[in-house]
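Listed below are the residues making up each chain.
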Amino acid sequence: MTTPPPLARRLGLFDAIVIGVGSMVGAGVFASFAPAAAVAGAGLLIGLAVAAVVAFCNATSSAQLAAQYPTSGGTYVYGRERLGEWPGFLAGWSFVIGKTASSAAMALVFAAYVAPSGYTDLVAVLAITALTAVNYFGITRTALLTKILVAAVLVVLVITVVLGVTGSSGSAAEGLGSFTERGWYGILQSAGLLFFAFAGYARIATLGEEVVRPERTIPRAIVSALGIALLVYAVVALTLLSVLGPELLASSSAPLVDLVATAGHSWAAPLVRIGAALAALGALLALIAGIGRTSLAMARHDDLPSYLNAVHPRYSVPHRAEITVAVLVCVLILTIDLRNAIGFSSFGVLLYYLIANVSAYTQDSSHRRYPKALQLVGSAGCMVLIATLPASSIAVGTVVVLAGVVYRLIRIRRSVDG
């Protein structure tokens, strides 16, 4: 069988930063603060800081590894190269399965903001179909659409924050209370919820085969995108707490809509909803691209069906992998209640980054860009945040990971017998 060509390097530094920001400043900025406030109150600000520290450690590990291994697949490749086939497989499996569920959930978030009643599933499927078509015709088109979506979302967020601050009396800020009144367990739970707001920088690493001068571009893009996302989340969190207060924030189903309404600017609610829909699209676009590249990398090593190991001769994209992912996401949208999908996705992504940190720890001095202490802190942070996830999320995550282990054992057995 002819070996498919490598993917083409077409993404510059700005493209990579925008894709990372688009992945992080997604629907999470419109939805993640309410559950974080429910478990931590005003302590969600501490949780945000904890999440940012863990994310920074993970980001530097990913950047350091991506510079040495500038190919598609992210931590799947890093784990194989540094730790062995099994750790690499666990990282890739966790990413693909968890992010496929996240894609379905993200599509439903988009549809919830724009679809007429009764048409949510249909609109979500149409969104997946349209974004897969954009990805199919080349990574430069993905980057262009992401730039447009990110710009629009940031404009909406700036307007929302300005309206919230200028219309606020500040009375809610006086009732914030102690940042630790809900306890440190609640704060760590909020960190686990908010961590995934920052997990999008992995998308930059998974696109490593398509970045120009990856050994220089990827590390700079990852750290830059994380810094921009942290600034956005910190400003939004402070505004929400100062205007709504932790109790109202915790009970809100659409915090930024409630923000402008409480500040006396109800006319801006439709604008906020449009921003949320665009944010979901931006994150979803990057998710589909990242899953496709990781699936391609796994298929190259027979850890997924070899059918997925194909690169389009004209558009230079893993077209079979992307179409397969799109079909699976659509099936999930139409058949499964995904309200609890975030918990499993959290489990999978934390396991993914745990393997990334351990992999980076093993790199030699010639490839080291950051102190080993960062990898130790990142590894410990991932394990702590996994432990604070709801028991049901840990249970489901464990079952799905074990299913992947069984699948690979069967594949190995058949390969030996054949």
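Note that the structure is a prediction, hence the values are computed from the model and not measured. (Residues numbered from 1 in each chain as written. Predicted model: local features only at pLDDT ≥ 70, side-chain atom pairs only at ≥ 80, totals over all residues. Heavy atoms only, no water.)

Participant: So what's going on with the overall build of the protein? Which residues, and what values?
Facilitator: Counting secondary structure elements, the protein contains 18 helices and 0 strands. Each principal axis of the C-alpha distribution contributes one length, and for the protein these read about 70 × 45 × 40 Å. Counting every position in the protein, which comprises 418 residues, the buried fraction comes to 57%. Here the analysis covers contacts within the protein between residues at least 6 apart in sequence; of these, 82% occur between residues at least 24 apart. For the protein, the computed accessible surface area is about 16200 Å², with 67% contributed by carbon and sulfur atoms. Taking the average location of the 25 positive side-chain charges in the protein and that of its 17 negative ones, the two points are 7 Å from each other. (Helix = DSSP H or I, 4+ residues; strand = E, 2+ residues; numbered from the N terminus. Buried < 20%, exposed > 50% of the residue type's maximum accessible area, 1.4 Å probe, protein only. Contact = heavy atoms within 4.5 Å. Areas by Shrake-Rupley, 256 points an atom, 1.4 Å probe, with all protein chains shown as cover. Lys, Arg positive; Asp, Glu negative; His and termini not counted. Charge placed at Lys NZ, Arg CZ, Asp CG, Glu CD.)

Participant: Mind laying out the nonpolar core, listing which residues take part and the relevant values?
Facilitator: Across soluble globular proteins, nonpolar side chains have a tendency to be buried as a group. Counting 124 residues, the largest nonpolar core has F30, F33, F195 and F198 as the members making the most contacts within it. For this core, the leading source of residues is helix 14 (residues 269-300), giving 16 residues. (Core = buried A, V, L, I, M, F, W, Y, C linked by side-chain atoms within 4.5 Å.)

Participant: Which residues make up the packing of aromatic side chains, and what values go with them?
Facilitator: Taken as a whole, this structure holds 8 aromatic pairs when the rule is applied. With a centroid separation of 5.7 Å and 50° between ring planes, the pair formed by F33 and Y233 is classed as tilted. One end of the pair, F33, is in helix 3 (residues 33-40); the other, Y233, is in helix 12 (residues 214-251), and 200 residues separate them in sequence. As far as the burial class goes, F33 and Y233 line up, both buried. Ring geometry for F89 and W93: centres 5.7 Å apart, planes at 25°, overall stacked. Highlighted residues: F89 and W93, both in helix 6 (residues 85-114), separated by 4 residues, approximately one helical turn. Taken together, the ring pairs in this structure connect W86, F89, W93 and Y407 into an aromatic cluster. Above the plane of the ring of Y361 lies K372, whose end atom (NZ or CZ) is 4.5 Å from the centre. The ring of W86 carries the charged tip of R408 above its face, separated from the ring centre by 4.6 Å. (Phe/Tyr/Trp six-rings, centres within 6.5 Å; stacked < 30°, edge-to-face > 60°. Lys NZ or Arg CZ within 6 Å of the ring centre and 35° of its normal.)

Participant: Account for the side chain of N58, naming residues and giving values.
Facilitator: Here N58 is to be found in helix 4 (residues 44-68). Polar side-chain contacts of N58 include one of 2.5 Å to the side chain of N357. (Polar contact = N/O pair within 3.5 Å; in protein donor to acceptor, adjacent residues only side chain to side chain.)

On their own, these measurements won't tell you what the molecule is for.
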